[in-house]
Amino acid sequence: MKIIVSLLLALSSIPFALVAAEPAAKPNIIIVLADDLGYGDLGCYGHPSIRTPHLDRMAAEGLRFTDFYSPAEVCTPSRAAMLTGRYAIRSGMSTGGGRVLFPNSKGGLPAGEVTMAEALKRRGYATAHIGKWHLGIHEGSRPNEQGFDETFGLPYSNDMDGRSKVPAGSPNPPQDGWNVPLMRNGKIIERPAVQSTLTQRYTDEAIAFARAHKSEPFFIYLAHTMPHVPLFASAEFRGKSTRGLYGDVVEELDANVGRLLAALREERLAEKTLVIFTSDNGPWLLNKAMGGNGQGGSAGLLREGKGSTWEGGMRVPGIVWWPGRIKPGVTSEMANAMDLFTTSLALAGAEMPKDRPMDGVDISPLLFEGKALPERPFFYYRGDMLMACRLGPWKAHFWTQTGYGQPKPDSHNPPLLFHLPSDPSEQFDVAASHPDALEKIQSALAAHTAAMEPGTPQLK
Ligand code: MG
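Rules used in this analysis
- Residues numbered from 1 in each chain as written.
- Predicted model: local features only at pLDDT ≥ 70, side-chain atom pairs only at ≥ 80, totals over all residues.
- Heavy atoms only, no water.
- Pairing = 2+ DSSP bridges.
- Helix = DSSP H or I, 4+ residues; strand = E, 2+ residues; numbered from the N terminus.
- Axes fitted to C-alpha atoms, helices over the stretch in contact; angles between N-to-C directions.
- Contact = heavy atoms within 4.5 Å.
- Phe/Tyr/Trp six-rings, centres within 6.5 Å; stacked < 30°, edge-to-face > 60°.
- Buried < 20%, exposed > 50% of the residue type's maximum accessible area, 1.4 Å probe, protein only.
- Lys NZ or Arg CZ within 6 Å of the ring centre and 35° of its normal.

**Student:** Could you give an account of the sheet that holds strand β4 (residues 150-153), naming the residues involved and the relevant values?
**Tutor:** One open sheet accounts for 10 strands, arranged β6-β5-β4-β3-β7-β1-β8-β9-β2-β10; its pairing is mixed. Each of the sheet's edge strands pairs with one partner strand only, and the pair in question is β6 (187-190) and β10 (329-336). Across the sheet, the mean angle from the axis of one strand to that of its neighbour is 20 degrees, orientation sign disregarded. Where strand β8 (residues 273-279) meets strand β9 (residues 315-321), four bridges bridge the pair, whose relative direction is antiparallel. Paired with T278 across the bridge in β9 is G318. Strands in contact with helix α3 (residues 53-61) are β2 (63-69), β8, β9 and β10; relative to β9, the strand with the most contacts, it is inclined by about 65 degrees.

Right under this line is the structure:
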């Protein structure tokens, strides 16, 4: 005891700058992004049969969000917004006409955008993109040109480059049905990518990168291909869940998140690494009503799914883990993936871009001190249409449309108004009895749209 006390006294006389020496001041940051995983697909979010013990443990040790949002209802704009901290309409990655990038698209994330990887790299971080990219395949837009030292994965969705007559949502998709390449640093290393081992191989890459860079700060953007259809599980997981192939795939994803966190503990990196688990958009429902076969995810009690600005399309799992720093718990504070940009830069001591409007906020006070975040509006875009806005517990819809199957949006004037805590399934329009709530949303909307300058459309 005496020794400890004198050691503490000795330490306290060291100037602060030395105690707070790097790299402790620059935590490692890992974002694990699932593709099309629904709000209701994990045990800790209420799924009755898919077993996700590792994500459940991550949630129990970390902070689990009940109201975490993807910044868009489909892949490309969601990823663009998360990596730039700005609604995708600002970078031209959310447009009318096309919804996501395709292999023959000419556009991509503009080189002039500042990505999280670029900002962190400037602060001395080693940066890796592992998994799906989907932000452009042309010069200026590719991972190595957007701030990532290393990249390994698919350039776009696993249901593209199709050559199969079997639909992507099939319970038994053919391995060679999609000619998607697997790439490392701009070179094709396998085509078609063997999809059944992607979850494992992505995780291997992430663990290897963390180990190789354990003595310097690192940022890993691990964007899993699963559970986007076509679904593939490895031999170890195939047929093992009680929820069909979709359950197999989610259970494999869960086991691999467990493997990654175990490796961080083993390397004594857990206490200096912020890990976030979330999804890029809601579940691709593929339910009976849509003519599907059940090989899609679940938004739980939220309405609709991927592609829609109903809650099921954009409210997603959000788990933040950092042993010793984040007090375990559950929060109903509203946050979204654009906040990950702002929060990561703040933690790294990186400078925020000052020459452009930013949409994320630093959620550190919530993560580390349990403080409520200031009230702010969240906007739900579909392409270039502003469909809905949430402020506090209230959400107003100006337009509504299902993700798939409804050809044209319905217009609502006056807007529909839902009180989300009491009506999470958005069933009961209370606009008539809450004019004040609607008025507040209308003025937030007016301020947002008046200042909005959409970027040059890229999804063409
Ligand atoms: Mg997606």
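**Student:** An account of the packing of aromatic side chains is requested, with residue identities and associated values reported.
**Tutor:** As enumerated under the stated definition, the model contains 15 aromatic pairs in all. Ring geometry for Y87 versus F378: centroids 6.3 Å apart, planes at 45 degrees, classification tilted. Here Y87 is found in the loop between α4 (75-84) and α5 (88-91), whereas its partner F378 is found in strand β11 (residues 378-382), with 291 residues between them in sequence. Taking the centre distance of 5.9 Å and the plane angle of 85 degrees together, the rings of W133 and F148 count as edge-to-face. Note that W133 is positioned in the loop between β3 (126-131) and β4 and F148 in the loop between β3 and β4, a separation of 15 residues in sequence. Residue classification places W133 among the buried positions, given a relative accessible area of 2%. A relative accessible area of 2% means that F148 is categorised as buried. A network of ring pairs unites the aromatic residues Y69, Y87, F378, F379, Y380 and Y381 as a single cluster. Between the NZ or CZ atom of R99 and the centre of the ring of Y404, over which it lies, the distance is 5.4 Å. A cation over a ring is seen here: K306 above W284, with NZ or CZ 3.8 Å from the ring centre.

**Student:** Before we move on, can you summarise the sheet that holds strand β13 (residues 394-400) with the specific residues and values?
**Tutor:** Pairing is antiparallel across the open sheet formed by four strands, whose spatial order is β11-β12-β13-β14. Edge positions in the open sheet fall to β11 and β14 (410-419), since each of these has one partner strand only. Along the sheet, successive strands turn relative to each other by an average axial angle of 20 degrees, direction set aside. Sheet topology places β11 next to strand β12 (residues 385-391); five bridges connect them, and they run antiparallel. Bridge pairing in β12 places Y380 opposite A388. Helix α12 (residues 435-451) contacts β11, β12, β13 and β14 of the sheet and is inclined by roughly 60 degrees relative to β13.

Don't take any of this as a statement about function, it's just geometry.
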